[in-house]
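# Structure assessment
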Amino acid sequence: MEVLKLKDYKWNAVTAECKAQESQKTAGCSGEAKTVPRKRHEIMKWNGWGYSDSRFLFNKKGQAEFTGKRYRLSGMIMPGLKDWFEVTFGASLQHKTPATPVLTSSSVPPPTLNEAFVEELKSTSIPFSLDAEDRVFRAHGHCLHEIFALREGKFGRVPDMVVWPNCHNDVVNIVELACKHNVCLMPYGGGTSVSSALECPPEETRCIVSLDTSQMNRILWIDEKNLTAHVESGIVGQDLERLLNESGYCTGHEPDSMEFSSLGGWVATRASGMKKNIYGNIEDLVVHIKMVTPQGVIEKSCQGPRMSTGPDIHHFIMGSEGTLGVVTEVTMKIRPMPEYQKYGSVVFPNFEQGVACLREVAKQRCAPASIRLMDNEQFKFGLMYSQMKNENVASLLSFLMKNKCTSLITSFKGFDPNNLCVATLLFEGDREKVLQHEKQVYDIAAKFGGLAAGEDNGQRGYMLTFVIAYLRDLGMDYYVIGESFETSVPWDRVLDICRNVKARIVAECKDKGVQFSPFSTCRVTQTYDAGACVYFYFAFNYRGLSDPVNVYEQVEHAARDEILANGGSLSHHHGVGKLRKEWMRDTVSNVGMGMLKSVKDYVDPKNIFGNGNLL
Amino acid sequence: MLKKRDDFEDILEERRNSSDLRYALRCYTPVLYKGMTPCKADTLKSMVLQSNQLRYVISQVSKETGRATDDVREDASAILEEMAHSLQLSTVRFFAFTLSKVFKTLFRSICVNEEGIQRLQQAIQEHPVVLLPSHRSYMDFLLMSYILYTYDLALPVIAAGMDFMGMKFVGEMLRMSGAFFIRRSFGGDKLYWSVFSEYVKTMLKNGLAPVEFFLEGTRSRTAKSLTPKLGLLNIVMDPFFKGEVYDVSVVPVSISYERILEEALYAREMLGVPKPKESTSGLFKARKVLSEDYGSIHVYFGQPVSVRSLAQGRVNRCKFNLVPRHIPGKPSEEIQNFVNDTAYRLVRAQEENMVLKPWVLLASLLLQHHHQNQTAGQERGIALDELTAQAVWLRDVSREYGAFLNWPGVMTPSEVVSSSLSLHRGLVRICEGRVQLAVEQTATGEPHSAVTPEEELLSRAVVVLSCASYRNQALHVFIRPALLASAIHAASSNQKQEVFNSFSFLRNMFSNEFILCPGATVQDFEEACYLLVKTRALQVTQQEVLVTERGQRTLAFLTSMLDPFLQGYQVICRFLCEEAADTLTEKRFIPAVRKFIVKHLLAGRLRYTEVLSSDLQKNALAALLRLGAVRKIKGAEPGTLKVNAVMVNSLEDTLGKNRAVSWTRNTQQE
Ligand SMILES: Cc1cc2nc3c(=O)[nH]c(=O)nc-3n(C[C@H](O)[C@H](O)[C@H](O)COP(=O)(O)OP(=O)(O)OC[C@H]3O[C@@H](n4cnc5c(N)ncnc54)[C@H](O)[C@@H]3O)c2cc1C
C-alpha cells in the first residue's frame, strides 16, 4: 500500500513564472513574483478551462490525448474515450465546432472610464489595466453560457478596467476612491465562479472596476500554538497548500477548483472542500475575517474559537458574493500534514445500496476524509480510463473475482453491469488509525453488498475530478455542451431527488427538441449527519439546435425547479450569483430577504459593490 | 368537434376461432415498470407493515389508546389480511378460460382500441400506472383483467368494495385474480386509512402492478357518470407530490355496454325494491342472463394522463419539504382543489370515449314521445319510419356535438333501427308499424301480479327507468347545449347576460346530477354556444342569443331532454315545502319523497315517472344541501333536515320557469 501524495499530480501545476515566495512571516505590500500573474491569459486559456498548455484533443489516429506536463494524465492516450464519447453523445469526430482562436481586441467594447477615479488611482501607484484581454478575462466565470459566448468571440458588458491591489491597504484606498467617484467595484478572486457571479450587470452605466485579488497572495503568519495561519485573500488553493506543506501544515480545504480558486472567493461563496469530513467547510475553517466595505473595515476584535456575541458577523460576510466589500485577510485553522493517505473504492450492486451505505457511514459518523458515490453512468465513464486491458465492466468483475475469496464471488451473481455503481474513498491520518478506519468503512459497505474494488479505482476517481472541466472544452469542440450543478438534501430524499432530477433532464431535453439522448447522471459527494450533497452532470449533443445555450439554460432551470420541489436546496456551495437569484426569496422567505437587503443597504448604500449577486 | 379516435378490434373473434384452453394456458410474460420483477403477495404485506408511515401511525394510535404497539400492529396486520389481494396466475388462467366461454355466449363482440393498448404498454414501462375504468357493471373489472391478460399486459390490482366479500367463494376468487377489498366507510379509523393508503402506495411506487379503481366509487345505476370520489385518487397522486415517483400515468378507460346485464336490477333498486345483498346466490340468479343477447362491449383505453403535467404550475411540491413525508397529513386546499379538478377531467375523459349505440338515440326519442303522447292522449307510439327519420336527424346532431357514435355504416337507417329495437325487445314493442315503450305489459318477465295502481305504476317505471339509463349514456353529449336551451327558454329576454345568468343557475342547480367541472361555468357556456351556433340552431352576437328557425327543433329536443330533471327537482322542492316536518331525517327522506311522488303521479299531476328514481332524489337533496336551502342539524336524530322554506320555494319557482312546456306544444296543468 503506497502512500499517495496528491502532489504527484496536482502541485506540480506550478507555472514557470512562479518564483520562490517571499518569507512567510513578512508583512507588507511589496509585490513579488506570483503564481497567478497579472496577465492571466499568458498561462491560462481566455476561452476555456485551466492552463493553456493542458487540453484534451483527438489526435490524428482519432485517439484522445491530454496535452502538457502538469497532470498525471498529461501525455497519456485514452483509447476508450472516443468510443465512449461517440456512443454516449451520438457525437462524431467529423462534426467539429472549433472555438474562435484569438481574442480580437477590436470587438471588445471600449471602456467607459471615470477620469477622476483613474487620475487619483494613478497617484496611489496601484497597478491597473485597460487592456481588452485583461478586461475580457475578468468578465466571466465558468458557466456554460459564459464559455460558449467566448468561444464564439462574443462579449457582453465587460469591466472597464482591472486593478491589482497588493495588500489590505491598497484595497482600503481603492474602495475609498470608488465611493468618492461613484465607481462600481467587482471583486475578482480566481474567476472559477459557476453562478454568473462575475458577469457585469448589463444595465450598469457607471465605470466597472474589476478588483483582482490575485496579487494579495501571501501567508502573513503561521501560529503553531493555536494552529492558525493568517493569509491574504487572493491566494489560490494550490499555493496555500503548497506553502503550508513546506512548513508541515495544511488547511485541508480542497474544493475541486483549488488550483485556481482563491481564499477570498471561498469565503465570499461559502465554499466546500472535498475533505470537509476531517477539516470542515470554509465556515468551520475560518477564525477571523477582515473585509473592506464602503462603511469601513469590518472585523472581530479577537480570535476566540467561538463567541456568543449576537449573530455571527462572519455569516454576513461568508456567502456575500462580493456584494458588501472585499475580503482582504483571513485567519484560518491549519493542521499538521497527515502522516498517511490511502485511497479506496467500493463497488455496489446498485445506487440504492450505495446511498444506504453512505447513510450508514454518516450515521456512525465514520466518514473518511472523502467519500463519493458515482451512479452507473459515471461508473462506466470511470472504467473507460481504467488501466486494465480490455477495459470494460466484465473485466472489472473478473478482476474483482480473482482478487476476492470465493464467498464474495457468489454474491456477484446479483451484479448487473447496468446497475453497478462505485464509491471512491480517501482516508487520511496516522497509519494505524487509517487502517482501522478503512476496515470499519469496508465492513459497513459489505453489509450493503459493497465489494472493495481497489485503491487504483479510487485514486483515478479523484484524479478525474481535476480534469473534468478540461473535458468539457473537448466536448465543446464537437457539439457537446454540458455542466454540473449541485444541491444538498436530507437523507430520506436522496434517492428520490437523484431519480427525479435525472428524469426531468431527459424529459426536458426531449421536450426542447434535443435530438440525442442527454448524459444525465449524478453523484453523492458529501455526507452530513442530516443529509448529503448531490451533484448532477448534464451534457448533450446539440447538433440540430439553433440556440443550444438557451436550451441548455431552460433545461438547467427546470432541473433546479425539480431539485427544489424534491426538497433540495438552492445550492450547497456554488452560491447564488445571478444565475439562481430568482429563487432566493422562496428560499429564505420575505423576512429573510428583507434582513439581507437591510444589511446591504447599510453597508453599501451607494451600491459600490454593484455586481448584482444574490438579492 | 369531431375527435380523432382509434379503431376497434374484436377480441372475441380469435376466441371463437381457437382453443380457449390453449389461450388460458399460453405463455404470459407482461412487461413491467422499469423491468421490475413482480413481488409475492407476502413480501408486499411486509413492506407495508414495515413502512415508516404505518409504523408512525401504529405508535401514534398506541399512544392515543394506551394499547401496546404490538396489539395495534396485530390490528394493522389483520386489516391488511382482510384487504390484500393474492393475485395468482392460475386463477387468472381459470378466469381467462371461463370468461371466454361466458363472454362468447353473452356478447357478440368485445371491441378494444388496440392503439390504446399500445399506449398503455408504453406507459407501464415508463411510470407507475393507474387504470380508471368507468363503472356500469359487475363485469367491469373482470373484463379489464381479461383484456389485459389477452394483450399480455401487466395485470392490475383492483380496489373493490367490501360487499363482494359477502360472497365467500367469489370474493376469494376475485382476490386471487387481483382484487383487494376496502370497507365502504372507515371515516375516522386512522389505522385503517393508513394501512389502506400505504398498501396502495407501496404497490404503485414500486411499480409492482398497475393500480385500478373506479373513480365513481360505485357502479352507476343510471349510466350517468357519478360525481368522482377523491380518496383513492388522492392516494395515488401522493407519491408524485412527495417526489417518491417521477410521475404517475393515469389512464381513463371507457367501457360501454350495448345492453347492461344489470339493467332491470338497477331500475328496481332505484325504485326502492330493496337491493339484494350482493351474495353468491344473487349473482348466480343472473344465470338466466346467460341465455340472452347482450350485444357488444366497447372498451376504449384513453390517452394516459401525466399527473406531473397536470400538476405543473398548480401544485407547489415544496410544501412537503418541511415535514417528514411519512407523517400523514390532511391534503392542503391547493391539493384538494387540484385533485378534485383532475377527477372531473378524468370522468369527462371517460365520458368522451364512451361508445354510443344507435339505441341510445332511439331511447332518447322514444322517452320523449312516450311522455308527450301520454299527456296528449294521442295514438300510442311513434311510426317506425318517423322514428327512423328522427334518429337520423339526431345522429347527425350528436355527431356534430362530438359524440362517439357507433352507427353501422353498412346498414340502411331502417335496418339499424330495427336491429337496435330487436336487441332491446324487453323495453320496446312494435305493433302495427308503431313503436312504443313496453310499459303496458309488465316489464321483462315479471309475474303478472301487479294489481294495485301503485304496483302497476312501479312496473311501468321499471321500463321507463331502464330506457332512461340508455338515454343517460348520451347525456354528456347534450348536457351543455341542453342547459343553454333551457336557460334561453327561462330567460325573460334574449340578452346574452340574462341567458348566461339563467344558464349559470341551472348549471349550479344540477352540478350534483351531471358531470360539470367545478368553476367552468364560462367555458361550459361558451362550449354550448359554440355547438349550437355551429349547428346553426343559434345566433349569438355580443349582446344577444337568438334561436333560428331551424334551431326550434334542436332546442325542443334539448329542453325535453332536461325536462324530467327539472320536474324532478321541482317536485322535490314542493315536497320539502309541503310535507317536510321537523322530524324529517336524511334516512327518511327517500321513502317520504317517494310516497309523495307516487301520490302525484297516480293523480296525474306529474308527467315523468322517471322522477321516482332515488338517484335523482338523492342528487336533488345533495344540491339543496350544497346551496344551503336545506341544512343538516343536530336534531332529535342524527341527520335531521331543516328546510329553509323561502329559499326552497324560490328555487322551485325558478326551476318552473325553465320547464319545457312551451316547446312541447301540449301544455299541461300540474
Ligand atoms: C471545475 C470547478 C470545480 C469547482 N469545485 C468546487 C468545489 O469543489 N467546492 C466549491 O465550493 N466550489 C467549487 N467550484 C466553484 C468555485 O470554485 C467556488 O465558488 C470558489 O469559491 C470561487 O472562488 P474564486 O476565487 O474563483 O472566486 P471568483 O470566481 O473570482 O468569485 C466568486 C464570487 O466571489 C466574489 N469574491 C471573490 N473574491 C472575493 C474577495 N476577496 N472578497 C469579496 N468577494 C470576493 C466575487 O465577486 C464573486 O461574486 C468549482 C468551480 C469549477 C469551475
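In this text, all values refer to a predicted model and were calculated from it rather than measured experimentally.

Turning our eyes to something else, we now look at the sheet that holds strand β11 (residues 428–431) of chain B. Spatially, β10-β12-β11 (chain B) is the arrangement adopted by the 3 strands of the open sheet, whose pairing is antiparallel. The sheet terminates laterally at β10 (382–383) and β11 of chain B, the two strands that pair on one side only.

Residues and elements named next belong to chain A. In the predicted model, chain A carries a mean pLDDT of 90, and 90% of its residues have values of at least 70. Here residues 1–33 is a poorly scored stretch, pLDDT under 50, and it has 79 contacts once near neighbours within four places are set aside; other chains count. Considering only residues more than four positions removed or in separate chains, one finds that residues 404–411, a stretch of pLDDT under 50, has 5 contacts.

Our next topic: a nonpolar patch on the surface. Residues and elements named next belong to chain A. Taken together, the side chains of Val 591, Met 595 and Leu 596 define a hydrophobic patch exposed on the protein surface, amounting to about 290 Å² of accessible area. By secondary structure assignment, the location of Val 591 is in helix α19 (residues 584–603). Classification of Val 591 by relative accessible area gives exposed; the value is 60%.

To continue, consider the packing of aromatic side chains. In the structure shown here, the tally under the stated rule is 46 aromatic pairs over all chains. Aromatic pair Phe 58 of chain A and Phe 85 of chain A: ring centres 5.8 Å apart, planes at 45°, arrangement tilted. Placement of Phe 58 of chain A in strand β1 (residues 56–58) and of Phe 85 of chain A in helix α1 (residues 79–89) is noted, with a sequence separation of 27 residues between them. Here Phe 58 of chain A matches Phe 85 of chain A in class, with each residue buried. Ring pairing ties together the aromatic residues Phe 58, Trp 84, Phe 85, Phe 89, Phe 381, Tyr 478 and Phe 519 of chain A, which thus form one cluster. The ring of Trp 164 of chain A carries the charged tip of Arg 38 of chain A above its face, separated from the ring centre by 5.7 Å. The ring of Trp 393 of chain B carries the charged tip of Arg 553 of chain B above its face, separated from the ring centre by 4.2 Å.

Residues and elements named next belong to chain A. Its 23 residues give helix α16 (residues 455–477) an end-to-end C-alpha distance of 33 Å, which sits within 8% of 33 Å, the value for a rise of 1.5 Å per residue. Largest kink in α16: about 45°, centred on Val 467. Of all 23 residues in α16, 19 are buried, a share of seventy percent or more. Positive backbone phi, approximately 65°, marks Tyr 479, located one or two places after α16.

Our next topic: empty space enclosed by the protein. Residues and elements named next belong to chain B. Counting across every chain of the model gives 11 cavities of 30 Å³ or more. Reported here for the second largest cavity is a volume of approximately 200 Å³. Taken together, 20 residues line the second largest cavity, and the ones lying closest to its centre are Arg 136, Ala 223, Ser 225, Asn 472 and Gln 473. Put simply, the parts of the chain that give the lining of the second largest cavity at least two residues each are β7 (249–257), α19 (453–473) and α20 (475–490). Partitioned by chemical class, the residues of the lining of the second largest cavity number 11 nonpolar, 5 polar and 4 charged.

Once that is clear, we can look at the nonpolar core. When a protein is soluble and globular, its nonpolar side chains tend to lie buried together. By size, the foremost hydrophobic cluster in this structure holds 159 residues, and its most contacted members are Phe 301, Trp 359, Phe 478, Leu 484 and Phe 589 of chain B. In terms of residues, this core owes the most to one element, helix α23 (residues 551–578) of chain B, which gives 13 residues. Discounting chain neighbours no more than four positions away, the residues touching Leu 484 of chain B are Val 499, Phe 503, Phe 525, Ala 528, Cys 529, Leu 532 and Leu 538 of chain B. Core analysis: the second largest hydrophobic core is formed by 97 residues, Trp 46, Val 236, Ala 367 and Cys 509 of chain A among them.

Right, let's talk about the UniProt feature "active site" (unreviewed entry) in chain A for a bit. All names here are of chain A. The feature "active site" (unreviewed entry), as given by UniProt, occupies Tyr 535 in the numbering adopted here. By the secondary structure assignment, Tyr 535 is in strand β21 (residues 531–541). The residues touching Tyr 535, leaving out its near neighbours within four places in the chain, are Ser 484, Phe 485, Glu 486, Thr 521, Cys 522, Arg 523, Thr 525, His 573 and His 574.

Residue and element names in this part refer to chain A. According to UniProt, the feature "binding site: substrate" (unreviewed entry) maps to Arg 472 in the numbering used here. Here Arg 472 shows up in helix α16. A relative accessible area of 17% places Arg 472 in the buried class. Contacts of Arg 472, omitting those with residues within four sequence positions, involve His 142, Cys 143, Leu 144, Ile 147, Val 480, Gly 482 and Glu 483.

All names here are of chain A. Taken together, the 3 strands give an open sheet; going across it, the order is β1-β2-β3, and neighbouring strands pair in antiparallel fashion. A single partner strand is all that each edge strand has here, and the edge strands are β1 and β3 (77–78). Taken together, the 3 bridges between β1 and strand β2 (residues 64–66) define a ladder with antiparallel strand orientation. Bridging from a neighbouring strand, Phe 58 pairs with Ala 64 of β2. The strands that α16 touches are β1 and β2; relative to β1, the one it contacts most, it runs at about 40°.

Residue and element names in this part refer to chain A. Close to the ligand lie 35 residues, the nearest being Pro 187, Thr 192, Ser 193, Ser 257 and Ser 262. In this structure, an oxygen atom belonging to the ligand sits 3.0 Å away from a main-chain N or O atom of Glu 321. Burial of the ligand by the surrounding chains reaches 96%, relative to a free accessible area of 950 Å². Going through the elements one at a time, β6 (184–188), α7 (263–269) and β13 (326–333) are the ones with two or more residues in the shell around the ligand. Here the element with the most residues in the shell around the ligand is α7; it accounts for 5 residues.

Residue and element names in this part refer to chain B. In terms of domains, chain B is made up of domain 1 (8–27 + 40–276 + 298–353), domain 2 (356–441) and domain 3 (548–656). A straight line from the C-alpha centre of domain 2 to that of domain 3 covers 29 Å. Each partner contributes to the interface: domain 2 provides 12 residues, whereas domain 3 provides 10 residues. Interface area, domain 2 with domain 3, both sides summed: about 990 Å², of which 61% is carbon and sulfur.

Criteria and cut-off values
Residues numbered from 1 in each chain as written. Chains lettered and ligands numbered in written order. Predicted model: local features only at pLDDT ≥ 70, side-chain atom pairs only at ≥ 80, totals over all residues. Heavy atoms only, no water. Pairing = 2+ DSSP bridges. Helix = DSSP H or I, 4+ residues; strand = E, 2+ residues; numbered from the N terminus. pLDDT = per-residue confidence, 0-100. Contact = heavy atoms within 4.5 Å. Patch = residues over 30% accessible without salt bridge, like charges linked within 9 Å, V, L, I, M, F, W, Y side chains within 5 Å. Areas by Shrake-Rupley, 256 points an atom, 1.4 Å probe, with all protein chains shown as cover. Salt bridge = Lys/Arg side-chain N within 4 Å of Asp/Glu carboxyl O. Buried < 20%, exposed > 50% of the residue type's maximum accessible area, 1.4 Å probe, protein only. Phe/Tyr/Trp six-rings, centres within 6.5 Å; stacked < 30°, edge-to-face > 60°. Lys NZ or Arg CZ within 6 Å of the ring centre and 35° of its normal. Expected span 1.5 Å × (residues − 1). Bend = angle between axes of the 7 residues up to and from the residue. 1 Å grid on protein atoms, 1.4 Å probe; cavity = no way out; pocket = protein on both sides within 12 Å on 5 of 7 lines; lining within 4 Å. Points joined across faces, edges and corners; volume = space filled by probe spheres on them. Nonpolar A, V, L, I, M, F, W, Y, C, P; charged D, E, K, R; others polar. Core = buried A, V, L, I, M, F, W, Y, C linked by side-chain atoms within 4.5 Å. UniProt positions renumbered as here; feature names shortened; annotations may be inferred. Axes fitted to C-alpha atoms, helices over the stretch in contact; angles between N-to-C directions. Near = heavy atom within 4 Å. Polar contact = N/O pair within 3.5 Å; in protein donor to acceptor, adjacent residues only side chain to side chain. Domains from an automatic or database assignment. Buried area = accessible area lost by both parts, 1.4 Å probe.

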